[in-house]
Amino acid sequence: MRIGFFGDVVGRSGREGIVRHLPGLRRRLGLEFVVVNAENAAGGFGVTESCAKELFAAGADCLTLGNHSWDQREALTYIVREDRLIRPLNYPRLAQAPGRGAHLYETPAGQRVLVVNLLGQRSMEPILDDPFSAVDRELEACPLGQACDAIVIDMHADVTSEKMAMGHFCDGRASLVVGSHSHVPTADCQVLPNGTAYQTDAGACADYDSVIGNDKEEPLRRFTTRIPSARHKPAEGPATVCGVYVETDARTGLATRVEAIRIGGRLSQAVPETKAALEKSAL
Ligand SMILES: [Fe+2]
Ligand SMILES: [Fe+2]
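Presented here is a report on the structure given in the accompanying data block. (Residues numbered from 1 in each chain as written. Chains lettered and ligands numbered in written order. Predicted model: local features only at pLDDT ≥ 70, side-chain atom pairs only at ≥ 80, totals over all residues. Heavy atoms only, no water.)

With respect to the layout of surface pockets
- Of the voids in this model, the largest pocket is the one considered here, and its volume is about 290 Å³.
- What lines the largest pocket is a set of 16 residues, and nearest its centre among them are His68, His183, Ile212, Asn214 and His232. (1 Å grid on protein atoms, 1.4 Å probe; cavity = no way out; pocket = protein on both sides within 12 Å on 5 of 7 lines; lining within 4 Å. Points joined across faces, edges and corners; volume = space filled by probe spheres on them.)

This is the structure in C-alpha cells:
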C-alpha cells in the first residue's frame, strides 16, 4: 500500500500548498491513503470546518491535530460530526475531550488503515496522559496485518528523543511513526529494524522564509528585545509541502520503503521516484 503523511499545515500558505500539490502527488505517487496534520491550518491556530473541507477536497483522507487542537472553539463540536478529523489520544481521561484519538478507516479498495494521533509529554502541556501506554492499548486492540492493513501514528511532540523512543516502541507493530509539531523536516527517514517506517519530524506545509511558519518580524523582535508587540501570524509566501511517502507490504502491513517529500516553495525539492512516475516519464 502507498501512504502519504504531510506535516503541520500552517495558515493560508500551507492550505494553498496542499491544494496546489496534493492532487498531483496523489496521482504521481499512486497514494492510496493520505494523512495531513491540520493543527495550524486556521490562521496558524487550530482548525475550522471550512479549512478542514479545503484539505479533504484536495485529497486528505484523515486530518490529525496536536497542542493547538482547540484553538478554534468550533473544532470542539465539528470533530464530533466528522470522523475524518482526529485529535490526540492521550488527553487526560477526566478532560472528556470530544472526538476520537484513533480511528480505523477503509479505503475505496477495502484496505483498513488505523490512524493514531499522540501528544508528547516533554516540553509540552504537563497534564497529558502517557502516550506510550495509550498507543500500546490501541496497537493491542488492532494488530497490524490482522485487524488492519496499515497503521499510521502521528507523534505530535517537541522533543526529538521522545519521538524516536516512540518509533522504537511501535517498531514492528505500525507501518509508520512520524513526528509533527517541530515545523522543520528531519533528514532521518528510515525503516526501523522490525519494519516500521520512521521520521522524527515530517516538517510543516508552510512558507519557509519564516520562523517555523510565522512571519519572521515578530519572532525576531521577541528574541532580540524580549518585548512582544503583536500576535504571531503565518508567513504568506509559497509553501513547501513537506511529508513522507511510505510503501507497505500487503500481507504484513510493515514498511518496505520510506522517502521524504518536499515540494514547492523554498526548500530543496524531493519527490520519490516510483514505478508509476517512471512509466509516465517514459511515455
Ligand atoms: Fe504545529
Ligand atoms: Fe504543535
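Let's pick the thread back up.
Examining the packing of helix α1 (residues 11-29) against helix α2 (residues 49-58)
- Relative to each other, α1 and α2 sit at 15°, their axes nearing to 8 Å. The orientation of α1 relative to α2 falls into the category roughly parallel. By crossing handedness, the relation of α1 to α2 is classed as left-handed. In this structure, α1 uses Arg15, Ile18, Val19, Leu22 and Pro23 to contact α2, whose residues at the interface are Cys51, Glu54, Leu55 and Ala58.
- A class-by-class count of the residues in the contact of α1 with α2 yields 7 nonpolar, no polar and 2 charged. (Axes fitted to C-alpha atoms, helices over the stretch in contact; angles between N-to-C directions. Helix = DSSP H or I, 4+ residues; strand = E, 2+ residues; numbered from the N terminus. Parallel < 35°, antiparallel > 145°, perpendicular 65-115°, else oblique. Left-handed = near helix turned anticlockwise from the far one by under 90°. Contact = heavy atoms within 4.5 Å. Nonpolar A, V, L, I, M, F, W, Y, C, P; charged D, E, K, R; others polar.)

A few points about the coordination of the iron ion (ligand 1)
- Of the protein atoms, only Asp8 (OD), Glu39 (OE), Asn40 (OD1) and His183 (NE2) coordinate the iron ion (ligand 1), at distances of 2.0 to 2.2 Å.
- Its 4 donor atoms give the iron ion (ligand 1) angles of 89 to 168° at the centre, a pattern that matches the irregular case.
- The sequence pattern formed by the donor residues of the iron ion (ligand 1) is D-x30-E-N-x142-H.
- Between the iron ion (ligand 1) and the iron ion (ligand 2), the interatomic distance is 3.4 Å, and Glu39 donates to each metal, bridging them. (Donors = N, O, S within 2.8 Å, 3.2 Å for Na, K, Ca; no water. Tetrahedral: all angles 85-135°; square planar, octahedral: opposite > 155°, others 65-115°.)

Some words on the sheet that holds strand β1 (residues 2-6)
- Spatially, β3-β2-β1-β10-β11 is the arrangement adopted by the 5 strands of the open sheet, whose pairing is mixed. One side of each edge strand has no neighbouring strand; the edge strands of this open sheet are β3 (62-64) and β11 (255-263). Averaged over all neighbouring strand pairs, the angle between strand axes comes to 20°, with direction disregarded.
- Examined bridge by bridge, β1 and strand β2 (residues 33-37) share 4 bridges and lie parallel to one another. Across the sheet, Gly4 pairs through a bridge with Val34, a residue of β2. (Pairing = 2+ DSSP bridges.)

Quick notes on α1
- The terminal C-alpha atoms of α1 lie 25 Å apart, and with 19 residues this matches the ideal 27 Å at 1.5 Å per residue to within 8%.
- The sharpest bend along α1 comes to roughly 35°, located at His21, with the proline Pro23 sitting one to four residues further on.
- Within the sequence span of α1, burial applies to Gly11, Ser13, Gly14, Arg15, Gly17, Ile18, His21, Leu22, Leu25 and Leu29.
- Among the structural elements, β1, β2, α2, β10 (241-248) and β11 are those in contact with the buried residues of α1.
- After α1 finishes, the residue Gly30 shows a positive phi value of roughly 65°. (Expected span 1.5 Å × (residues − 1). Bend = angle between axes of the 7 residues up to and from the residue. Buried < 20%, exposed > 50% of the residue type's maximum accessible area, 1.4 Å probe, protein only.)

Examining the coordination of the iron ion (ligand 2)
- Around the iron ion (ligand 2), the protein contributes the donor atoms Glu39 (OE), Asn67 (OD1), His156 (NE2) and His181 (ND1), which lie 2.1 Å from the metal centre.
- With 4 donor atoms in place around the iron ion (ligand 2) and angles of 88 to 145° between them, the coordination shape is irregular.
- Sequence spacing of the donors to the iron ion (ligand 2): E-x27-N-x88-H-x24-H.

Topic: the pairing of β10
- Among the 8 residues in β10, 7 count as buried, and that is most of the element.
- Relative to β10, β1 runs antiparallel, the two being bridged by 5 bridges. Bridge pairing in β10 links Gly4 to Tyr245.
- Inspection of the sheet shows β10 paired to β11 by 8 bridges, in the antiparallel sense. Looking across to β11, one finds that Val244 is bridged to Ala260.
- Adjacent in sequence and paired antiparallel, β10 and β11 are bridged by 6 residues, among which Gly253 carries a positive phi angle near 80°.

Regarding the packing of aromatic side chains
- On inspection of all chains with the given rule, the structure shows 3 aromatic pairs.
- Seen in terms of ring centroids, Phe33 and Tyr105 are 5.7 Å apart; in terms of plane orientation they differ by 40°. Their pairing is tilted. One end of the pair, Phe33, is in strand β2; the other, Tyr105, is in strand β4 (residues 102-106), with 72 residues separating them in the sequence. Across the pair, Tyr105 and Phe33 agree in class, each one buried. (Phe/Tyr/Trp six-rings, centres within 6.5 Å; stacked < 30°, edge-to-face > 60°.)

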